[in-house]
Amino acid sequence: MKTVIVVVGMHRSGTSVLARGLKELGVELGDALIPGQFDNPKGFYEDRDIVDFNDRLLASLGSRYDSLAPIPDAAFLLPAIDSLHLEAVTLLGQKMGSVSVFGMKDPRTCLLLPFWISVFQSLDLRVAYVIAVRNPLSVARSLEVRNQFLFEKSILLWLRHTILSVERTRGKPRLLVDYDGLMDSPDSELRRIASALGLAAPDSNTFAESPYITEFLSQGLRHSRFDLSALQNYTVVGGLAKNVYELLLPAADDRVTLDTVQQEQSWQTIQRTFAEVDAFAGYLEVREAELQKVYVAHDQQTKILSILTEQKRVSDERAAQLSEELAAAMERVGIIDSESLTFNAVLDAGVDPIGRLQRLASDCEAFFNRLATHAVGGEGPAEGPGNTILEVGFGVSEIRDLLQEREGESDLSARSADKREAVIRDLRQTVTQRDSEIDRLREMLTVRECSLEELRQATAAAEAELSALRRSTSWRITEPLRCLRRTALNRFYAGGRRALGLTNRWLWHHLPLSSDAKQRIKGRLFSKHSRMLSWTQAYQDWVNHQMSAQDGGSARAAHSERRNAS
């Protein structure tokens, strides 16, 4: 018969260290282990497929791994959950394969033990449980760092996981292991585990040098350690957790057994007290969901506010940059305007000299023509006029050259003036565009500031609502009604189930049929509806009777074939 060793216990209670220790003892943990992450860098030693299945199973039950509301036992009988039974049988059967001893570790299993126990029975497995326990204050501190859980929520989760692990393994092979004890004395604890589970003990000569000791275990794994007295400083819930931890510690070093602990009056008192606390868990779950919505809305508004603030900062920087560029452009326009004024003054001053030179040239040309006329007519002295003509001719030529040079300079100055005017127009257009962009940015900044103000108001309203929710005392009025409703439903389910069983047995015994006819009817009924009736004691008695009447191996094969056919 194959064996499955189930590691149960609260999250952050050392279940990973315990599972890694089982691997050191030769226990197979699966082929799809979740790798280490920031909160558990050395690995979780959980099979990903089983963890994913447990999350889906919890979702089908309307719960989560951190839900405060309890899961009623009747929920595991719902058709939606029954349809997952075959999937779980197939999954675990594939994981075990040819392995003789398989280790299954997931803290969620504590909440789902009724379901998994039926799976183990369907696979005809020998089951042993290793319960991990740790100081609840250490667990609460670890969850505060990793998940930002409130102290009270972590303690309530610790109580539920721990109490359910002990209660639901009653009468089964099991062992309690304290995390601090395992960290302090790994050699002796692993030998204790091996002895209790029938596993091979570690070799004393090589264990101290094994990777489990030299690489995996380190005091860095244990970020906090508290003694029992520290819990006295906390709430009533913390005091209840302290009492549970105190009662369980002697079982962690085999001074007493867990069965003995469960028989003590103090343990029964703890169960009743926790049942009363658990009655309020459903309401706390609803309130926590409401708070979570407020937290999410607050975070979203904070992110939007941060984004808008960053956009405003970028817009302010862009506006400052544009202002600097505008100032530089205005300075350049001023320089160009000054140069243009100077150039226009020079240009205006040069118009009259050119006009005078043009008139002088005209007068000289007229005078030259008159001289030429006199020379042709023979009038006047021979030498005087000739010399005068040459001199005047040279003067006119120089004046014409000077006039052409001044006209060229005037054209060049005019073209330069046109270019300056074009540059001035471009700069003024650029300044106008920059002014428009600055105005647009200022409008955007105004809109952003309005949005920021609205977000600040919405954030303040959300924080006020959150504060009001935290101070709310309505649960004290409405929760007793909900508690009565849940209690009535649970009692109705349990009482109805007992009444149905008694009625069925009475009708069966009073049927006017022979024993053989009853056996045939029972055989057909159990063969056809084995999935539906497998949880009943009558079905188990019938299976045992069938197996004893035939060869053990063939009977078991026929039983498995009937289950698969159904």
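Rules of the game
Residues numbered from 1 in each chain as written. Predicted model: local features only at pLDDT ≥ 70, side-chain atom pairs only at ≥ 80, totals over all residues. Heavy atoms only, no water. Salt bridge = Lys/Arg side-chain N within 4 Å of Asp/Glu carboxyl O. Helix = DSSP H or I, 4+ residues; strand = E, 2+ residues; numbered from the N terminus. Patch = residues over 30% accessible without salt bridge, like charges linked within 9 Å, V, L, I, M, F, W, Y side chains within 5 Å. Areas by Shrake-Rupley, 256 points an atom, 1.4 Å probe, with all protein chains shown as cover. Buried < 20%, exposed > 50% of the residue type's maximum accessible area, 1.4 Å probe, protein only. Pairing = 2+ DSSP bridges. Axes fitted to C-alpha atoms, helices over the stretch in contact; angles between N-to-C directions. Contact = heavy atoms within 4.5 Å. Core = buried A, V, L, I, M, F, W, Y, C linked by side-chain atoms within 4.5 Å. Phe/Tyr/Trp six-rings, centres within 6.5 Å; stacked < 30°, edge-to-face > 60°. Polar contact = N/O pair within 3.5 Å; in protein donor to acceptor, adjacent residues only side chain to side chain. Expected span 1.5 Å × (residues − 1). Arc of directions from axis to C-beta. Parallel < 35°, antiparallel > 145°, perpendicular 65-115°, else oblique. Left-handed = near helix turned anticlockwise from the far one by under 90°. Nonpolar A, V, L, I, M, F, W, Y, C, P; charged D, E, K, R; others polar.

Draft legend 1. Just the pattern of salt bridges, in detail. Following the criterion strictly, the structure yields 23 salt bridges and no others. The partner of R191 in a salt bridge is D187, and the shortest N-O contact between them spans 3.2 Å. Taken together, the residues R191 and D187, both in helix α9 (residues 186-197) and four residues apart, mark about one turn of the helix. One salt-bridge network, in which partners are shared between bridges, spans D31, D47, D49 and K95.

Draft legend 2. Just a nonpolar patch on the surface, in detail. A surface patch of nonpolar side chains, amounting to about 220 Å² of accessible area, comprises L511, L513 and I521. In this fold, I521 is placed in helix α18 (residues 515-528). Note on I521: relative accessible area 33%, which makes it partly exposed.

Draft legend 3. Focus on the sheet that holds strand β4 (residues 174-178). Spatial ordering of the open sheet is given by β2-β1-β3-β4, a layout of four strands whose pairing is parallel. In this open sheet, the two strands that pair with only one neighbour each are β2 (101-105) and β4. Strand after strand, the sheet turns through a mean of 20° between neighbouring axes, direction not considered. Relative to β4, strand β3 (residues 126-133) runs parallel, the two sharing five bridges. Looking at β4, one finds that V130 is bridged to L175. Helix-sheet contacts for helix α1 (residues 15-24) involve β1 (3-9), β2, β3 and β4, and the interaxial angle to β1 is about 160°.

Draft legend 4. Molecular detail of the nonpolar core. Grouped together as the largest cluster of nonpolar side chains are 65 residues, with contacts concentrated most on F115, W116, F120, W158, L159 and L248. Once residues lying within four places of it in the same chain are set aside, the contact partners of W116 are I50, F53, N54, A88, L92, M104 and T109. Listed in part, the 28 residues of the second largest apolar core include V27, Y45, L182 and I193.

Draft legend 5. Geometry of the packing of aromatic side chains. Per the stated rule, a full pass over the model turns up six aromatic pairs. Judged by centre distance (5.9 Å) and plane angle (35°), the rings of F53 and F115 are tilted. In this pair, F53 sits in helix α2 (residues 48-60) while F115 sits in helix α5 (residues 113-122), placing the two residues 62 residues apart along the sequence. Considered together, F53 and F115 belong to a single accessibility category, that of buried residues.

Draft legend 6. Layout of the side chain of H161. By the element assignment, H161 lies in helix α7 (residues 151-167). The buried category is assigned to H161, whose relative accessible area is 1%. Only 2.9 Å separates the side chain of H161 from the backbone oxygen of L157, close enough to count as a polar contact.

Draft legend 7. Quick look at α2. Helix length check: α2 (13 residues) gives 18 Å between terminal C-alpha atoms against 18 Å at 1.5 Å per residue, within 8%. Three or more residues of α2 are buried, namely I50, V51, F53, N54, L57 and L58. The buried side chains of α2 occupy one side of the element, clustering within an arc of 160° when seen end-on. Its buried side turned inward, α2 meets α3 (79-82), α4 (85-96), β2 and α5.

Draft legend 8. Up close: the pairing of β1. Burial analysis of β1 places seven of its seven residues in the buried class, the great majority of the element. Burial along β1 is two-sided: T3, I5, V7 and G9 and V4, V6 and V8, pointing in opposite directions, are all buried. Where β1 and β2 come together, five bridges link them in parallel fashion. The residue bridging T3 from the neighbouring strand is V101, located in β2. The pairing of β1 with β3 spans seven bridges and is classified as parallel.

Draft legend 9. Layout of the packing of α2 against α4. Direction vectors running N to C along α2 and α4 enclose 170°, while the axes themselves pass 11 Å from each other. With respect to each other, α2 and α4 are oriented roughly antiparallel. Considering only the axes of α2 and α4, their crossing is left-handed. Between α2, through D49, I50, F53 and R56, and α4, the contact on the second element is made entirely by E87, A88, L91 and K95. Across the contact of α2 with α4, the residue classes break down as four nonpolar, no polar and four charged.

Draft legend 10. The arrangement of the packing of α18 against helix α20 (residues 537-549) in detail. Across the interface, α18 lies against α20 with an axial gap of 11 Å and an inter-helix angle of 105°. By the criterion of interaxial angle, the relationship of α18 to α20 is roughly perpendicular. Seen from α18, the contacting residues are K522, G523, F526 and S527; seen from α20, they are A538, Y539 and W542. Residues belonging to the contact of α18 with α20 are distributed by class as follows: four nonpolar, two polar and one charged.

All quantities given are derived from atomic positions and should not be read as evidence of function.
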